[in-house]
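Spelled out from the first residue to the last, the chains are:
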Amino acid sequence: MRIGLVGTGTVGGGVIEILEAKATAYREKLGVNLELACICARTEEEVAPFKAKGYTTSTDAMSMIADPSIQVLVELAGGYEMPRQWITAALESGKHVVTANKAMLAKYGHELFPLAEKKGCHILFEAAVGGGIPIIRSIQEGFVGSEVEHLSCIINGTCNYILSRMTEAHLSFEDALKEAQAKGYAEANPTFDIEGVDSAHKTALLASLCSGKYVDFEKIHVTGVSHISAEDIENAKELNATIKLLGLYIRSEAGVDARVHPCLVPNNHLLANVNNVINAVYLQCDNLGPTLQTGAGAGRLPTASAVVADLVSLARSTDSGKRLPMPMGWFNKENAATLVPIEETSARYYLRFTTRDACGVLASITGIFSENRISIESIIQKGVTDPGKVSIVVVSERTEERKILSALKAIDALAAVAEKSQMIRFLK
Ligand code: HSE
């Protein structure tokens with residue numbers, strides 16, 4: 001199978017390394033021939049080390065794609081518009097595609113997947129979600145004997161690292177982020193990570209696969225982790241829970257409930273113990289029951305190993321000529337999922353109020369809960385913190401989000417409330 005690779009960065013370099021090390025084993029043990037026919041990057045400088053090793057190289061992806069002897073495009077360059085054009089051109093000329101580009105698939109998958117199906121080609125994207133964890137293949141193949149009822153996942157290593165360090169080492173959000181940046185986990189501009197956008201790209205793809213409907217990542221509710229304070233982390237510990245940024249998919253009568261936000265995960269839940277840059281996907285299926293897949297969600301070789309697994313899978317199916325491309329034509333805007341609005345979801349809620357130290361403040365707050373028909377499960381009041389300020393934590397019983405939002409609006413308008421209230425949902 002003749003492969004044209006675009007992108008020689010972290011993951012692209014890892015793919016070349018794995019193929020160099022294992023191509024002979026793939027030929028002898030699996031009966032597949034993976035040949036890196038052309039390596040393409042933006043500049044001559046980037047391809048020079050590969051040219052020196054004897055590879056055919058290019059700085060013009062479109063010309064490489066136009067070569068009829070290339071059977072597969074591996075897109076590992078990142079970005080949106082150029083990959084969209086390359087993949088479209090590759091599919092138009094009957095080439096299969098392997099990509100790790102979750103952002104581009106979340107944005108343009110609705111046009112690329114139907115095109116692939118029309119052309120009888122595969123787009124494989126195992127590396128796009130959960131790095132090396134084979135979650136795409138699991139949902140498409142391994143779990144088809146069951147219906148996914150609930151999926152909760154930790155799919156951004158940077159956020160998981162930040163929250164883990166805040167929990168273990170009592171760091172502030174800012175210090176934990178600095179540490180993640182120093183270790184090279186977070187992007188130079190970490191907004192996509194910490195504001196939950198990267199998790200939303202991945203969650204939308206997973207929710208689509210689970211529901212068989214197109215889930216538009218721009219329409220799902222997203223809250224990141226930058227507003228989580230060291231105080232919230234410590235309060236969560238008192239409540240026997242750990243704060244994690246989760247991507248969620250819940251099958252519901254009303255439609256698809258897909259969202260990304262921090263959650264208080266009870267410490268006896270498997271996801272509470274997934275720490276640092278590790279990713280995990282917890283699935284509850286009707287026939288199978290609960291499962292957990294966990295592993296490295298990012299990084300050179302873990303992500304590259306998922307790309308290579310896609311290439312081996314592709315080589316085996318196309319060589320045998322028996323396996324049909326995974327039907328993804330349904331991933332289009334006409335088949336869009338009905339999304340459940342966040343106001344119509346329900347949960348138990350962690351609510352933290354910072355108030356002035358004055359008579360009747362607690363009574364005013366609990367009065368508003370009562371007016372909104374919200375039942376309180378527990379209250380923690382820590383005494384005076386900063387001069388004249390009190391921190392009050394309320395845990396609600398399970399209730400609808402619209403009631404909580406209404407109560408928070410009224411509470412934030414109280415003269416005695418000194419800062420905007422904090423709200424974090426419990427996973428269970
Ligand atoms: N920025 C992502 C993360 C990289 O931190 O998990 C993998 O998609």
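Residue positions are given per chain, counted from 1 along the sequence in the order it is written. Residue-level local features of this predicted model are given only where pLDDT is at least 70; pairs of side-chain atoms are given and counted only at 80 or more, and the full residue set underlies all totals for whole chains, interfaces and linings. In computing side-chain properties, one takes all heavy atoms of the structure into account and sets aside hydrogens as well as water.

Undergrad: Describe the packing of aromatic side chains, and please don't skip the residues or the numbers.
TA: Remark: the centre distance and the inter-plane angle together describe each pair of aromatic rings, the angle taken between the planes. Within 6.5 Å between ring centres, the rings of Phe, Tyr and Trp (the latter by its six-membered ring) count as paired, and their orientation is classed by plane angle as stacked under 30 degrees, edge-to-face over 60, tilted in between. Under the counting rule described, the total for this entry stands at five aromatic pairs. Centroid distance F113 to F331: 4.9 Å. Interplanar angle 65°. Geometry classified as edge-to-face. Taken as a pair, F113 in helix α5 (residues 102-119) and F331 in the loop between α12 (300-320) and β13 (346-347) lie far apart in primary sequence, 218 residues in all. F331 shares its class with F113; the two are buried. Measuring from ring centre to ring centre gives 5.8 Å for W330 and F331, while their planes differ by 55°; the resulting arrangement is tilted. To sort residues, take the accessible area from a 1.4 Å probe on protein chains only and compare it with the maximum for the residue type: under 20% means buried, over 50% means exposed, and anything in between is partly exposed. On the accessibility criterion, F331 (2% relative accessible area) is buried. An aromatic cluster of three or more residues is present, and its members are F113, F125, Y214, W330 and F331. Note on criteria: charge over ring means Lys NZ or Arg CZ within 6 Å of the ring centre, with the direction from the centre no more than 35 degrees off the ring normal. A cation sits over an aromatic face here: R84 above Y108, 3.9 Å from the ring centre. Positioned above the aromatic ring of F426 is the side chain of R348, whose terminal nitrogen or guanidinium carbon lies 4.2 Å from the ring centre. Helix and strand labels come from DSSP, where a helix needs a run of H or I of at least four residues and a strand needs a run of E of at least two; each type is numbered from the N terminus.

Undergrad: Could you give an account of the domain arrangement of the chain, naming the residues involved and the relevant values?
TA: Domain borders in the structure are assigned automatically or taken from a domain database. Assigned domains of the chain: these are domain 1 (2-129 + 300-332), domain 2 (136-297) and domain 3 (346-426). Spacing between the C-alpha centres of domain 2 and domain 3 amounts to 26 Å. The buried area of a pairing is the accessible area, by a 1.4 Å probe, that goes missing from both parts when the two are put together, added over both. Both sides together, the interface formed by domain 2 and domain 3 hides about 1200 Å², and carbon and sulfur atoms give 54% of it. Taken as a group, N235, L239 and L264 account for 40% of the area that domain 2 buries against domain 3, more than any other trio of residues on that side.

Undergrad: I'd like to hear about the environment of F192, residue by residue, with values.
TA: Its location among the elements puts F192 in helix α9 (residues 191-194). Sequence-wise, F192 and G224 are 32 residues apart; in three dimensions their C-alpha atoms are separated by 9.1 Å.

Undergrad: Summarise the site of the ligand; cite the residues concerned and give the values.
TA: When at least one non-hydrogen atom of a residue lies within 4 Å of a molecule or strand, that residue is treated as near it. In the neighbourhood of the ligand, ten residues make up the surrounding shell, with K102, G157, T158, D193 and K202 lying closest. Within the side chain of K102, an N or O atom sits 2.6 Å from an oxygen atom of the ligand. The definition of a polar contact used here is a pair of N or O atoms within 3.5 Å, where within protein one atom must be able to donate a hydrogen and the other to accept one, and adjacent residues in sequence count solely through side-chain atom pairs. A distance of 2.7 Å separates an oxygen atom of the ligand from a polar side-chain atom of K202. Surface accessibility follows the Shrake-Rupley procedure with a 1.4 Å probe radius. Residue values consider only the protein chains on display as shielding. The protein chains hide 86% of the 260 Å² of surface that the ligand would expose on its own. Mapped onto the shell around the ligand, the elements with two or more residues apiece are α7 (157-169) and α10 (197-211). Put simply, Ala, Val, Leu, Ile, Met, Phe, Trp, Tyr, Cys and Pro go in the nonpolar bin, Asp, Glu, Lys and Arg in the charged bin, and everything else, Gly too, in the polar bin. Looking at side-chain class alone, the shell around the ligand contains one nonpolar, four polar and five charged residues.

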